[in-house]
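As a plain string of letters, each chain reads:
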Amino acid sequence: MPAKLLVIDDQPGIGAIVARIAASLGLDTQVVGDPMQAIEAFVSFSPDAVVLDLVMPEKDGIELLEEMILTGHPAMFIIMSGYGEAYLRLAEGVARFHGIKPPIVLRKPFDRAELTELLRSVRPLGPTTSA
């Protein structure tokens, strides 16, 4: 079963680029452009990894990150932002506060090769079966 990736970004072009790269790597990918629908998608899709934009209208990525963590579903988080270091450190602090591994930071504009390498590391997090 392929690993699942959820992309949350209000810019359709960014979501499409990430999804195209993820698909080329064999990841089952879902893109959400409306941050108000992100938690529902996270719960129903149960992704192994999330690429999350931090600055979006109505609901920002910091709030979404915390809500996703609080669901209890484990996931690898890759946060994207073109804004300052303080905002990225805030996301890392939220993760640490909740006792999970800090998110991987991808600065916008990102390099396609860098994103490809990050997505290659996405693995299914579900239970493994032994024969």
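Residues numbered from 1 in each chain as written. Predicted model: local features only at pLDDT ≥ 70, side-chain atom pairs only at ≥ 80, totals over all residues. Heavy atoms only, no water.

(A) Spatial organisation of the side chain of Asp-48. Within the secondary structure, Asp-48 sits in the loop between α2 (38-45) and β3 (49-53). The side chain of Asp-48 is buried and forms no salt bridge, while Lys-4, the nearest opposite charge, is found at 6.4 Å. Of note is the side chain of Asp-48, whose polar atom sits 2.7 Å from the backbone nitrogen of Lys-4. (Helix = DSSP H or I, 4+ residues; strand = E, 2+ residues; numbered from the N terminus. Buried < 20%, exposed > 50% of the residue type's maximum accessible area, 1.4 Å probe, protein only. Lys, Arg positive; Asp, Glu negative; His and termini not counted. Salt bridge = Lys/Arg side-chain N within 4 Å of Asp/Glu carboxyl O. Polar contact = N/O pair within 3.5 Å; in protein donor to acceptor, adjacent residues only side chain to side chain.)

(B) Spatial organisation of helix α3 (residues 61-70). Looking only at α3, the buried set comprises Gly-61, Ile-62, Leu-64, Leu-65, Met-68 and Ile-69. On an axial view of α3, the arc spanned by its buried residues comes to 165°, and they lie on one face. Buried positions along α3 lie against β1 (4-8), α2, β3, β4 (76-81) and α4 (85-97). For α3, the N-terminal capping position is held by Asp-60, with its side-chain oxygen 3.1 Å away from the main-chain nitrogen of Ile-62. Following α3 by one or two positions, Gly-72 adopts a phi angle in the positive range, close to 85°. (Arc of directions from axis to C-beta. Contact = heavy atoms within 4.5 Å.)

(C) View of the packing of aromatic side chains. Going through the model one piece at a time under the given rule, you end up with one aromatic pair. Measuring from ring centre to ring centre gives 6.4 Å for Phe-42 and Phe-77, while their planes differ by 25°; the resulting arrangement is stacked. With Phe-42 in helix α2 and Phe-77 in strand β4, the pair connects residues that are 35 residues apart, well separated along the chain. Both residues of the pair, Phe-42 and Phe-77, belong to the buried class. The cationic tip of Lys-4 hangs over the ring face of Phe-45; the distance from NZ or CZ to the ring centre is 5.0 Å. (Phe/Tyr/Trp six-rings, centres within 6.5 Å; stacked < 30°, edge-to-face > 60°. Lys NZ or Arg CZ within 6 Å of the ring centre and 35° of its normal.)

(D) Seen up close, the environment of Gly-61. Relative to the elements of secondary structure, Gly-61 occurs in helix α3. Its relative accessible area of 0% is what places Gly-61 among the buried residues. In this structure, the C-alpha to C-alpha distance between Gly-61 and Asp-10, residues 51 residues apart in sequence, is 11 Å.

Limitation: the analysis is restricted to geometry and does not speak to function.
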